[in-house]
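Descriptive structure summary
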Amino acid sequence: MALFSNFTPDDSTLLAGLRANSPNRQRFENQLYDRYAYFIREAARTHRLPDDDCATAYADTVLTVIDHIQTGRFAERSGLKTYLHKIFYNKCVDVIRKNTTNRESVHYGTVSLDESLHDLPGDVQSVVQQLIQGQDIEQLHRYLNALGDKCREMLLAWGDGQADAQIAQQAGYNSAGVAKTSRLRCLEKLKASYDRQV
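Notes on the structure follow. All values reported here derive from a predicted model rather than from experimental measurement.

On to the overall build of the chain. On a plain count of helices and strands, the chain comes out with 10 helices and 0 strands. N-terminal to C-terminal, the α/β element order of the chain is α-α-α-α-α-α-α-α-α-α. Across the 198 residues of the chain, 33% fall into the buried class. Considering only intrachain contacts with a sequence separation of at least 6, the fraction spanning at least 24 residues in the chain is 61%. Entry remark: accessible area of the chain is about 12800 Å², with carbon and sulfur atoms responsible for 51%.

Dropping the structure here:
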């Protein structure tokens, strides 16, 4: 294992590793993440975004690029770095737009479910809240169990407030960034479970 700790494959080796359906693929995913992680600092400085927003956009970018490589959408007309950077840039622009839209929408009135519940009589209100909470928790546990042990443990740890660095140590990942990428992948799977229900 120590033999590969500082190994940086060229693009073709990295692409082959990401396309392979083997247990080593996780190692290549980690290398892709680590190789261009400096984009996070550059984007925070260039776009004046919080580090967390840039890190989330970067992790999402890596997941997108891995998917494009595995599904054949990455046609290798540009270098891997250029391709990843373009997607990352677009995701940062999306974050800027979302932040701008959120700031503007604060001024418009919206009624949440909690606010609607306040209009109900007290005894009805508590029954409705219990039903909502009970169904949500039961459903969440079903979906988490369907994801598998690793995803379930990671998401539960994150839900308990553990930082990605702690999760990385517990799960045996190389860095907090790699743990974050894996966690986001698990969250996407969880979201897909809810989307299928609708």
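Moving on to the state of the cysteines. Under the definition given, this model contains 1 disulfide. Sulfur-sulfur distance for the disulfide between Cys151 and Cys186 comes to 2.0 Å. Across the disulfide from Cys151 to Cys186, rotation about the S-S bond amounts to roughly -75°, and the bridge is consequently left-handed. In this pair, Cys151 sits in helix α8 (residues 149–159) while Cys186 sits in helix α10 (residues 176–197), placing the two residues 35 residues apart along the sequence. A relative accessible area of 9% places Cys151 in the buried class. The exposure class assigned to Cys186 is buried, which follows from its relative accessible area of 5%. Of all cysteine sulfurs in the structure, the one in Cys54 sits closest to Cys92, which takes part in no disulfide; the separation is 5.0 Å. Of the residues examined, Cys92 reaches a relative accessible area of 1% and is grouped as buried.

Here we come to the packing of helix α1 (residues 11–19) against helix α2 (residues 25–35). Packing of α1 against α2 leaves a shortest axis separation of 8 Å and a crossing angle of 135°. Classed by the angle they form, the pair α1 and α2 counts as oblique. Where α1 crosses over α2, the two elements pack in a sense that is left-handed. Each of Asp11, Thr13, Leu14, Gly17 and Leu18 in α1 lies in contact with α2, whose residues at this interface are Arg25, Phe28, Glu29, Gln31, Leu32 and Arg35.

Once that is clear, we can look at the nonpolar core. Leu32, Tyr58, Val65, Leu80 and Leu84 are the most contacted members of the largest nonpolar core, which totals 38 residues. When residues in this core are grouped by element, the largest group, 10 residues, is from helix α4 (residues 51–71). In contact with Tyr58, other than residues within four places in its own chain, are Leu32, Tyr33, Tyr36, Ala37, Phe39, Ile40, Leu84 and Phe88. If you look at the next biggest cluster of nonpolar residues, it comprises 7 residues, including Tyr143, Leu155, Cys186 and Leu190.

Thresholds, definitions, all that
Residues numbered from 1 in each chain as written. Predicted model: local features only at pLDDT ≥ 70, side-chain atom pairs only at ≥ 80, totals over all residues. Heavy atoms only, no water. Helix = DSSP H or I, 4+ residues; strand = E, 2+ residues; numbered from the N terminus. Buried < 20%, exposed > 50% of the residue type's maximum accessible area, 1.4 Å probe, protein only. Contact = heavy atoms within 4.5 Å. Areas by Shrake-Rupley, 256 points an atom, 1.4 Å probe, with all protein chains shown as cover. Disulfide = S-S within 2.5 Å. Axes fitted to C-alpha atoms, helices over the stretch in contact; angles between N-to-C directions. Parallel < 35°, antiparallel > 145°, perpendicular 65-115°, else oblique. Left-handed = near helix turned anticlockwise from the far one by under 90°. Core = buried A, V, L, I, M, F, W, Y, C linked by side-chain atoms within 4.5 Å.

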